[in-house]
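Each chain, letter by letter, is given below.
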Amino acid sequence: MIKIMFVCHGNICRSPMAEFVMKDLTVKAGVDAYIASAATSTEEIGNPVHRGTKKKLLEVGILTDGKYAVQLTRADYNKYDYIIGMDSVNIRRILQIVGEDKDGKVFKLLSFDDSEKDIADPWYTGNFDETYDDVLRGCTALLRKITEE
């Protein structure tokens, strides 16, 4: 079983979007996976998925029921095969939380699609469609990598 943790600043927009998109993709592909998401900050802990993320995912038939923001912990490093940030700032904060990436588990999502582009935060942009397109692109590339291993 592959274990994946997606991480963004608050765990209400981008990382839960990636969590639920990846869950949908792995189920459809028949890949045995445990997928979760977390925040680098404490600002949104306990809050549900942002209404814009819920709305966008509902448009494509994906539900986010039962998800509430949690914070990444140092212990998560040993629990997951991949810890995936949405942008460069997330990567820096992930490393501050988990310490050294001695096993090479920390990645930026779009790096799986050979891009160093950050996934824009729709909390600021308001563009959940663009964020979804980039998340889907990154998750699809990650799924391809996982199934080729």
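Computed from a predicted structure; not experimentally measured.

## A look at the overall build of the protein chain
Okay, step 1: Looking only at helices and strands, the protein chain has six helices and four strands in total.
Okay, step 2: The linear arrangement of helices and strands in the protein chain, starting from the amino end, is β-α-β-α-α-β-α-β-α-α.
Okay, step 3: Rg of the C-alpha trace for the protein chain: 14 Å, near the compact-globule value of 15 Å for 149 residues, within the 12% margin.
Okay, step 4: The 149 residues of the protein chain split such that 52% are buried.
Okay, step 5: When contacts within the protein chain are restricted to residue pairs at least 6 apart in sequence, those whose partners lie at least 24 apart make up 74%.
Okay, step 6: By element, 49% of the accessible surface of the protein chain is carried by carbon and sulfur atoms, the whole surface being about 7300 Å².
Okay, step 7: The average position of the 20 basic charges and that of the 24 acidic charges among the side chains of the protein chain differ by 3 Å.

## Regarding the packing of helix α1 (residues 14–29) against helix α6 (residues 128–148)
Okay, step 1: The interhelical angle for the contact between α1 and α6, taken along N-to-C directions, is 45°, at an axis separation of 9 Å. The pairing of α1 with α6 is recorded here as oblique in orientation. Of the two possible hands of crossing, α1 and α6 adopt the one that is right-handed. Contacts from Arg14, Met17, Ala18, Val21, Met22, Leu25, Thr26 and Ala29 in α1 reach Phe128, Thr131, Tyr132, Val135, Leu136, Cys139, Thr140, Leu142, Leu143 and Ile146 in α6.
Okay, step 2: Per-class residue counts for the contact of α1 with α6 are 14 nonpolar, three polar and one charged.

## Considerations on the pattern of salt bridges
Okay, step 1: For the structure shown, the criterion picks out 15 salt bridges.
Okay, step 2: Aspartate 103 is paired through a salt bridge with lysine 102; the nearest N and O atoms lie 3.9 Å apart.
Okay, step 3: Salt bridges sharing partners connect three or more residues here, namely Lys55, Lys56, Glu59 and Asp129.

## Focus on the environment of arginine 14
Okay, step 1: By secondary structure assignment, the location of arginine 14 is in helix α1.
Okay, step 2: Sequence separation between arginine 14 and valine 89 is 75 residues, and the spatial gap between their C-alpha atoms is 13 Å.
Okay, step 3: If we skip the residues at most four places from it in the chain, arginine 14 touches Cys8, His9, Met86, Asp87, Asn90, Ile119, Ala120, Asp121, Pro122, Thr131 and Val135.
Okay, step 4: Among the polar contacts listed, one links the side chain of arginine 14 to the side chain of aspartate 87, at a separation of 2.8 Å.

## A few points about the nonpolar core
Okay, step 1: Counting 32 residues, the largest nonpolar core has Ile4, Phe6 and Met22 as the members making the most contacts within it.
Okay, step 2: Of all the secondary-structure elements, those providing two or more residues to this core are β1 (2–8), α1, β3 (82–85) and α6.
Okay, step 3: For this core, the element with the most residues is α6, which contributes eight residues.
Okay, step 4: Not counting residues up to four positions away in its chain, the partners in contact with methionine 22 are Ile4, Phe6, Ile35, Cys139, Leu142, Leu143 and Ile146.
Okay, step 5: Formed by 13 residues, the second largest nonpolar core is a distinct cluster that contains Val7, Ala36, Ile83 and Ile94.

## Digging into the pairing of β1
Okay, step 1: In terms of burial, β1 is largely enclosed, as six of its seven residues are buried.
Okay, step 2: Where β1 lies against strand β2 (residues 33–39), seven bridges are found, and the strand directions are parallel. Residue phenylalanine 6 lies in a different strand from β2, and its bridge partner there is serine 37.
Okay, step 3: As judged from the four bridges shared by β1 and β3, these two strands associate in the parallel manner. Its bridge partner being in β3, isoleucine 4 is matched across the sheet by tyrosine 82.

So, how was this worked out
- Residues numbered from 1 in each chain as written.
- Predicted model: local features only at pLDDT ≥ 70, side-chain atom pairs only at ≥ 80, totals over all residues.
- Heavy atoms only, no water.
- Helix = DSSP H or I, 4+ residues; strand = E, 2+ residues; numbered from the N terminus.
- Rg over C-alpha atoms; globule rule 2.2 N^0.38 Å.
- Buried < 20%, exposed > 50% of the residue type's maximum accessible area, 1.4 Å probe, protein only.
- Contact = heavy atoms within 4.5 Å.
- Areas by Shrake-Rupley, 256 points an atom, 1.4 Å probe, with all protein chains shown as cover.
- Lys, Arg positive; Asp, Glu negative; His and termini not counted.
- Charge placed at Lys NZ, Arg CZ, Asp CG, Glu CD.
- Axes fitted to C-alpha atoms, helices over the stretch in contact; angles between N-to-C directions.
- Parallel < 35°, antiparallel > 145°, perpendicular 65-115°, else oblique.
- Left-handed = near helix turned anticlockwise from the far one by under 90°.
- Nonpolar A, V, L, I, M, F, W, Y, C, P; charged D, E, K, R; others polar.
- Salt bridge = Lys/Arg side-chain N within 4 Å of Asp/Glu carboxyl O.
- Polar contact = N/O pair within 3.5 Å; in protein donor to acceptor, adjacent residues only side chain to side chain.
- Core = buried A, V, L, I, M, F, W, Y, C linked by side-chain atoms within 4.5 Å.
- Pairing = 2+ DSSP bridges.

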